[in-house]
Amino acid sequence: MSERIRAPKGTHDLLPPVSEKFAAVEDTARRVFGSFGYAEIRTPIFESTDLFARSVGDTTDIVHKEMYTFADRKGRSLTLRPENTAGVVRALVEKGLQEMARPIRLWYAGPQFRYEQPQAGRYREFRQIGLELVGAPSAAGDAEVLIVLFRFLEALGLTDLIATLNCIPAGKAREAFSRALQEHVRPHAGRLGPEDARRMAENPLRLFDSKDPEAREILKGAPATLDFLDDASRAHHEELKRLLAAAGVRFVESPEIVRGLDYYTLTVFEVASEKLGAQNAILGGGRYDHLVRELGGPPTPAVGFAIGEDRLVDVLSQDPRPARSVFFVIPSSEAEVSYALSLADEIRRSSEGAVVETDLSGRGLVKGLSRAGQVLEGGGAGDYPFRVRGVAAVLVGSREREENVVTLKDLATKAQESFPREELAGRLGAARERR
Ligand code: HAM
């Protein structure tokens, strides 16, 4: 046998039934986000390297050491996207967002790539579901984004999560905050590792990204972001808190959260789960009022978030997949396969949302029924891709074909009945209504 090729380190395949759970989470995103007016955008998986250097920021961990960057055959520097906000803004600027009706409401789902040390919940290829609201300057925009987010989490049965919220000073206030932070850290600078020394010199806010216990210790008692807000920023933050409370979105304030990307202005937030280990952030987001301009567009405020979909699926306590009726159409022999295929088609037409599988082997009723029984017992919990509401077998013998009758066996109750084929649609429709 030839040597097997393994998936690259830090990637993981999604096979059924797990892939179906991801799809169900994405369907829920489409439904909930759509109900607020957000439509899907899909941008390239690779972009010019410059895009991320200019948006996420040169001094961030992501750009500094986590990007998959390569030269294509013409020597252009390209990077597998480490996040999707930059790509969305690039796409809008390229399309000409000044012509578009404001605000622009978009969401996306797809793979992102970061060269990180893999561990539970941390991958090199991972998936995000994100949302961006572009062209909404007021705190109502931040509030809407958090409300959509929490309605989505609730739709998945996650009702006990809390947002941690912060407001990062902007403009001159940010400079004053950075200086105060440097002053606080300077007496202890000798204890900083080389990485944190670089952060301190280049972009002191990034010190909050440090995982070094020494740096964390030094940051205790550091100046708090919220003490440096100018009047306009403070008013924005207070208004957001009022709107969130009115909408029933649960949050706590945390001056430590600055987020690991440079484009944020004012509002930043995260949601973590105790169910996850060290990598406990399910999602993060915030306002980025300068990014559109920095990427060559007209000054346009924006706010959004991205959820780590792999982590989200890990914390779900309820199965996101819709429960479906499953029919196994089982021909008694190979001779009945053709008829079984046409009957299966008819069942699909009259039973929306059902899964109708035909036993293609023609190995007979006993084998076919045993497979259907396994699916019933597993209740969809085993390796069956779908969540199962009920399982029925449709037995197809020469009598069924010749007399044009349907024989249906409910696997749970073992009840079996035969009826004329013309009654099929009516009976399946009635069964649906009874549910
Ligand atoms: P981020 O905090 O870098 O923000 O990523 C968002 C989420 O992606 C994290 O909270 C985490 O759940 C997940 N994630 C990040 N890295 C990994 C990884 N290596 N493995 C598994 N999951 C991971 C952003 O990406 C911003 N673009 C969010 C945003 C949108 N801000 C405004 N709009």
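Note that the structure is a prediction, hence the values are computed from the model and not measured.

**Student:** Quick question: what am I supposed to make of the environment of D72 here?
**Tutor:** Inspection of the secondary structure assignment puts D72 in the loop between strand 3 (68–71) and strand 4 (77–80). At a separation of 2.9 Å, a polar atom in the side chain of D72 contacts the main-chain amide nitrogen of K74. Separated by 2.8 Å, the side chains of D72 and R76 make a polar contact.

**Student:** Just checking my understanding: could you explain the environment of R102 for this structure?
**Tutor:** Checked against the element boundaries, R102 lands in the loop between helix 4 (85–95) and strand 5 (104–113). C-alpha separation for the pair R102 and Y384, spaced 282 residues apart in sequence, amounts to 45 Å.

**Student:** Just to check I follow, could you spell out the sheet that holds strand 3 for this structure?
**Tutor:** Hydrogen bonds between backbone groups are what pair the strands of a sheet, and the pairing can be parallel or antiparallel. Strand order across the open sheet formed by three strands is 2-4-3, with antiparallel pairing between neighbours. What marks the edges here is a single partner per strand, and that holds for strand 2 (46–48) and strand 3. Taken over all neighbouring pairs, the strand axes of this sheet differ in orientation by 35° on average, direction set aside. Bridging between strand 3 and strand 4 involves four bridges; their strand directions are antiparallel. The residue of strand 4 that forms the bridge with Y68 is L80. Together, strand 2, strand 3 and strand 4 form the strand contacts of helix 2 (residues 49–57), whose direction differs from that of strand 2 by roughly 80°.

**Student:** Mind showing me how you'd approach helix 9 (residues 231–247) here?
**Tutor:** An α-helical turn contains 3.6 residues, so any two residues separated by three or four positions project in the same direction. Look at helix 9: 24 Å from first C-alpha to last across 17 residues, which is about the 24 Å you get at 1.5 Å a residue. Restricting attention to buried positions, one finds in helix 9 the residues S233, H236, H237, L240, K241 and L244. The arc enclosing the buried residues of helix 9, seen along the axis, measures out at 130°, which places them on a common side. Across from the buried face of helix 9, at angles greater than 90 degrees, the exposed residues are D231, A232, R242, A245 and A246. Of the surrounding secondary structure, the elements contacted by the buried residues of helix 9 are helix 5 (139–155), strand 7 (163–168), strand 8 (251–253), strand 9 (266–272) and strand 10 (281–287). Directly after helix 9, the chain includes G248, whose backbone phi takes a positive value near 75°.

**Student:** Hey, could you run me through the site of the ligand in this one?
**Tutor:** Within the structure, the ligand sits among 27 residues, and E83, E116, Y123, Y264 and A281 are positioned closest to it. With respect to the ligand, the side chain of E132 contributes an N or O atom lying 2.8 Å from a nitrogen atom. A distance of 3.0 Å separates an oxygen atom of the ligand from a polar backbone atom of I282. Taken together, the elements giving at least two residues each to the shell around the ligand come down to strand 6 (125–134), strand 10 and strand 11 (302–308).

**Student:** Hey, could you run me through the sheet that holds strand 9 in this one?
**Tutor:** Taken in spatial order, the eight strands line up as 1-5-6-11-10-9-7-8 in an open sheet, and their pairing is mixed. Two strands bound the open sheet, and with one partner strand each, they are strand 1 (39–40) and strand 8. Sheet topology places strand 7 next to strand 9; six bridges connect them, and they run antiparallel. From the neighbouring strand, N166 faces strand 9, where its bridge partner is V268. Along the sheet face, helix 4 touches strand 5 and strand 6 and points at about 130° away from the line of strand 5. Helix 5 contacts strand 5, strand 6, strand 7, strand 9, strand 10 and strand 11 of the sheet and is inclined by roughly 20° relative to strand 11.

**Student:** Where do I start with the packing of helix 5 against helix 9 in this structure?
**Tutor:** In helix packing, the relevant descriptors are the interaxial angle and the interaxial distance, both defined with respect to the helix axes. Interhelical geometry of helix 5 versus helix 9 gives an angle of 35° and a closest axis separation of 9 Å. For the element pair helix 5 and helix 9, the recorded crossing hand is right-handed. On the side of helix 5, the interface is formed by A139, A140, D142, A143, L146, I147 and R151, while helix 9 contributes H236, E239, L240, L243, L244 and A247. For the contact of helix 5 with helix 9, the per-class residue count stands at nine nonpolar, one polar and three charged.

**Student:** It is not clear to me how the pattern of salt bridges should be interpreted in this structure. Could you clarify?
**Tutor:** Pairing between side chains of opposite charge can happen when the charged atoms of each approach one another. In total, this model carries 34 salt bridges according to the counting rule given. Put simply, E214 and R191 hold a salt bridge, and the shortest N to O gap is 2.7 Å. Linking E214 in helix 8 (residues 213–219) with R191 in the loop between helix 6 (171–185) and helix 7 (194–202), this pair joins segments that are 23 residues apart in sequence. A salt bridge links R216 to E256; the shortest N-O distance between them is 3.2 Å. A residue pair is termed long-range when its members are at least 10 positions apart, and R216 in helix 8 and E256 in the loop between strand 8 and strand 9 qualify at 40 residues. A residue is classified by how much of its surface remains accessible, and R216, at 29% relative accessible area, is partly exposed. Judged by relative accessible area, E256 falls into the partly exposed class, the value being 40%. Within the structure, one salt-bridge network assembled from shared partners comprises K65, E195, R198 and E202.

Analysis parameters
Residues numbered from 1 in each chain as written. Predicted model: local features only at pLDDT ≥ 70, side-chain atom pairs only at ≥ 80, totals over all residues. Heavy atoms only, no water. Helix = DSSP H or I, 4+ residues; strand = E, 2+ residues; numbered from the N terminus. Polar contact = N/O pair within 3.5 Å; in protein donor to acceptor, adjacent residues only side chain to side chain. Pairing = 2+ DSSP bridges. Axes fitted to C-alpha atoms, helices over the stretch in contact; angles between N-to-C directions. Contact = heavy atoms within 4.5 Å. Expected span 1.5 Å × (residues − 1). Buried < 20%, exposed > 50% of the residue type's maximum accessible area, 1.4 Å probe, protein only. Arc of directions from axis to C-beta. Near = heavy atom within 4 Å. Left-handed = near helix turned anticlockwise from the far one by under 90°. Nonpolar A, V, L, I, M, F, W, Y, C, P; charged D, E, K, R; others polar. Salt bridge = Lys/Arg side-chain N within 4 Å of Asp/Glu carboxyl O.

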